[in-house]
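Examination of the molecular architecture
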Amino acid sequence: MRMLSIIFMLLLMSFPNLAEAAEVTPFDECANLRNMTDQTIMGVVRTAPFKSTTGNVQRHEGSFRLEPDEIATICSKGPFYDGYRVELVIRTIIPLFTCKTRLSGEIYLRKTENNEGITKLYAECK
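Heads up: these notes are all about the structure in this document. (Residues numbered from 1 in each chain as written. Predicted model: local features only at pLDDT ≥ 70, side-chain atom pairs only at ≥ 80, totals over all residues. Heavy atoms only, no water.)

**Overview of the overall build of the protein**
A tally of helices and strands in the protein yields 0 helices and 11 strands. For the protein, the proportion of contacts with a sequence separation of at least 24, taken over those separated by at least 6, is 68%. Summed over its atoms, the accessible surface of the protein is roughly 7,000 Å², and 51% of this surface lies on carbon and sulfur atoms. (Helix = DSSP H or I, 4+ residues; strand = E, 2+ residues; numbered from the N terminus. Contact = heavy atoms within 4.5 Å. Areas by Shrake-Rupley, 256 points an atom, 1.4 Å probe, with all protein chains shown as cover.)

**A short note on a nonpolar patch on the surface**
Together, I93, I94 and L96 give the surface a local cluster of nonpolar side chains, amounting to about 340 Å² of exposed area. The topology assignment puts L96 in strand 9 (residues 95–102). Of the residues examined, L96 reaches a relative accessible area of 43% and is grouped as partly exposed. (Patch = residues over 30% accessible without salt bridge, like charges linked within 9 Å, V, L, I, M, F, W, Y side chains within 5 Å. Salt bridge = Lys/Arg side-chain N within 4 Å of Asp/Glu carboxyl O. Buried < 20%, exposed > 50% of the residue type's maximum accessible area, 1.4 Å probe, protein only.)

**Considering the nonpolar core**
With 18 residues, the main nonpolar core has L33, F64, L88, L103, I107 and L109 as its most contacted residues. Breaking this core down by element, the ones donating at least two residues are strand 2 (29–35), strand 3 (41–46), strand 6 (61–66), strand 7 (71–76), strand 8 (85–91), strand 10 (106–113) and strand 11 (119–123). The leading source of residues in this core is strand 8, at 3 residues. (Core = buried A, V, L, I, M, F, W, Y, C linked by side-chain atoms within 4.5 Å.)

**Focus: the side chain of T25**
By the element assignment, T25 lies in the loop between strand 1 (8–10) and strand 2. Of the polar contacts made by the side chain of T25, one reaches the backbone oxygen of F27; its length is 2.5 Å. (Polar contact = N/O pair within 3.5 Å; in protein donor to acceptor, adjacent residues only side chain to side chain.)

**Here we look at the packing of aromatic side chains**
In this structure the tally under the stated criterion is 1 aromatic pair. With 5.8 Å between their ring centres and 65° between their planes, F80 and Y84 make a pair best called edge-to-face. Classification of F80 by relative accessible area gives buried; the value is 1%. The ring of Y81 has K100 lying over it, and the distance from NZ or CZ to the ring centre is 4.5 Å. (Phe/Tyr/Trp six-rings, centres within 6.5 Å; stacked < 30°, edge-to-face > 60°. Lys NZ or Arg CZ within 6 Å of the ring centre and 35° of its normal.)

Listed below in structure tokens is the structure:
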């Protein structure tokens, strides 16, 4: 099995005025994204929004593209949504699936197909 290790360092900057009471950690929270399908999956991982020192609402974001059986390691210090979660989006041109998940252990990217041949991509979010 081919292994790709991409680290999205969503670096924590100095945020004296958070847009909401977002959680941050002094250390990286990390997880492995595993593409368990037979197709390429693209997406993005986003932190909770925060207010920058200039007053603009922003968030950290990292993109991924995983070939079948590939793995990407993602890490962040926050700011997190409740429960130390980040937003995970699987997309093509448009979002296909979104959830909030913890960055710990393995996050499996999977697909299902119904009787009409319609494929749905999803992640096993925690």
